[in-house]
Amino acid sequence: HAEGLGMSVLGVFHSHTHTAAYPSPTDVASAPDPAWHYVLVSLADGVPVVRSFRIVDGNIAEEPVVLINR
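Our subject in this report is the structure included herewith.

Definitions and cut-offs
Sequence order as written defines residue numbering, which begins from 1 separately in each chain. For a predicted model such as this one, the threshold for reporting local features is a pLDDT of at least 70, and the threshold for listing and counting side-chain atom pairs is 80 or more; totals across whole chains, interfaces and linings nevertheless cover every residue. Working from all heavy atoms in the structure, the side-chain values ignore hydrogens and water. A pair of strands is considered paired only if DSSP assigns at least 2 bridges between the two. Each helix is a run of DSSP H or I of at least 4 residues and each strand a run of E of at least 2, with the numbering of both proceeding from the N terminus. Summary of the burial criterion: residues with accessible area below 20% of their type's maximum are buried, those above 50% are exposed, and those between are partly exposed, where the area comes from a 1.4 Å probe applied to protein chains only. The term polar contact refers here to a pair of N or O atoms within 3.5 Å; inside protein, the definition further demands a hydrogen-donor-capable atom paired with an acceptor-capable atom, and it admits residues adjacent in sequence only when both atoms are side-chain atoms. Residues count as neighbours in contact if any of their non-hydrogen atoms are within 4.5 Å of one another. Only Phe, Tyr and Trp rings are paired, with Trp represented by its six-membered ring, and only when their centres lie within 6.5 Å; those with planes under 30 degrees apart are stacked, over 60 edge-to-face, the remainder tilted.

## Digging into the pairing of strand β3 (residues 49-56)
Now for step 1: In this sheet, β3 lies alongside strand β2 (residues 37-42) in antiparallel orientation, the contact comprising five bridges. Within the sheet, the bridge partner assigned to Ser42 lies in β3 and is Val49.
Now for step 2: Relative to strand β4 (residues 59-63), β3 runs antiparallel, the two being bridged by five bridges. When the sheet's bridge partners are listed, Ile55 is paired in β4 with Ile60.
Now for step 3: Once β3 ends, the chain turns through two residues before running back antiparallel as β4, passing Asp57 with a positive phi of about 50°.

## Quick word on the side chain of Glu63
Now for step 1: Note on placement: Glu63 falls in strand β4.
Now for step 2: A relative accessible area of 17% means that Glu63 is categorised as buried.
Now for step 3: A distance of 2.6 Å separates a polar atom in the side chain of Glu63 from a polar atom in the side chain of His37.
Now for step 4: Engagement of the side chain of Glu63 in a polar contact is seen with the side chain of Ser52, the distance being 2.7 Å.
Now for step 5: Among all residues touching Glu63, those that are not within four sequence positions of it are His37, Ser52, Phe53 and Arg54.

## Section: the packing of aromatic side chains
Now for step 1: On inspection of all chains with the given rule, the structure shows two aromatic pairs.
Now for step 2: Ring geometry for Tyr22 against Phe53: centres 5.3 Å apart, planes inclined by 80°, an arrangement best described as edge-to-face. Pair noted here: Tyr22 is in the loop between β1 (11-16) and α1 (25-29) and Phe53 is in strand β3, with a separation of 31 residues, a long-range link.
Now for step 3: Assessed through its relative accessible area of 40%, Tyr22 is described here as partly exposed.

Here's what the structure looks like:
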């Protein structure tokens, strides 16, 4: 829908409520675009953990996340 409106999709995010913020096999298998950023938030330890990854041909590479508080 976004692309149909002339927008660019930069990535997707979702939470892992009981596991680490790391792509699951399901996440890897369903990653449609190697240019996207896949942001995962883990709620497993009570304090949210945010991590971002690129997934290309099944290979997972973590990328830095910088939060800016304004």
